[in-house]
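Residue-level structure breakdown
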Amino acid sequence: MIKKNANIYIAAVIISLAYFLFNFLFMQRFLDTDQMVYITNINTMLKYKFYFFNPHHLHFETTGAWFHQLMIKYFENYGFSDLMFNLRLRSLIIGSIGIFATCIYISKLTGKTIW
């Protein structure tokens, strides 16, 4: 039973890591109008030290500002100082975690490692 659960987690890690690496390789290289609004809101929050809670865009704006501050604090020396890159990286990390959780959920529902 332990080996079967380990196989499920290993498969989920491999799938989510493959998703992360594929999307990281082909990360979006252009901006659209929505991204410009998000980045403007985040820059305003960071500059004036207030947080804007918009339920529809909570993931993009408030947590985006917090994630960017975290990246600046710990990883600025490694080149993670670009707000737009950090926002894209955060979205990719959250998506990979979602893929991992989905793989585990499907495995628990079906009882199979390979669907």
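The preceding data block contains the structure.
So, on to the environment of Thr44. Tracing the chain through its elements places Thr44 in helix α2 (residues 33-48). Along the chain, Thr44 and Ala65 lie 21 residues apart, while their C-alpha atoms are 9.8 Å from each other. With residues near it in sequence (within four places) discarded, Thr44 still touches Lys49 and Phe50.

Within the largest apolar cluster, eight residues are counted, these being Ile39, Ile42, Met45, Leu46, Ala65, Leu83, Met84 and Leu87. Elements supplying a minimum of two residues to this core: α2 and α4 (83-110). No other element matches the four residues that α2 contributes to this core. Residues Phe20, Met27, Phe67 and Leu89 belong to the second largest nonpolar core, which totals six residues.

Moving on to the environment of Leu46. Among the secondary structure elements, Leu46 is positioned in helix α2. Sequence separation between Leu46 and Ala65 is 19 residues; the distance between their C-alpha atoms is 6.8 Å.

Running from amino to carboxyl end, helix α3 (residues 62-75) crosses α4 at an angle of 110°, the nearest separation of the two axes being 9 Å. As far as their axial angle goes, α4 and α3 are roughly perpendicular. Taking contact as the criterion, the partners of Thr63, Gly64, Phe67, His68 and Met71 in α3 are, on α4, Leu83, Asn86, Leu87, Leu89, Arg90 and Ile93. For the contact of α3 with α4, the residue count by class is six nonpolar, four polar and one charged.

Scoring rules and cut-offs
Residues numbered from 1 in each chain as written. Predicted model: local features only at pLDDT ≥ 70, side-chain atom pairs only at ≥ 80, totals over all residues. Heavy atoms only, no water. Helix = DSSP H or I, 4+ residues; strand = E, 2+ residues; numbered from the N terminus. Contact = heavy atoms within 4.5 Å. Core = buried A, V, L, I, M, F, W, Y, C linked by side-chain atoms within 4.5 Å. Buried < 20%, exposed > 50% of the residue type's maximum accessible area, 1.4 Å probe, protein only. Axes fitted to C-alpha atoms, helices over the stretch in contact; angles between N-to-C directions. Parallel < 35°, antiparallel > 145°, perpendicular 65-115°, else oblique. Nonpolar A, V, L, I, M, F, W, Y, C, P; charged D, E, K, R; others polar.

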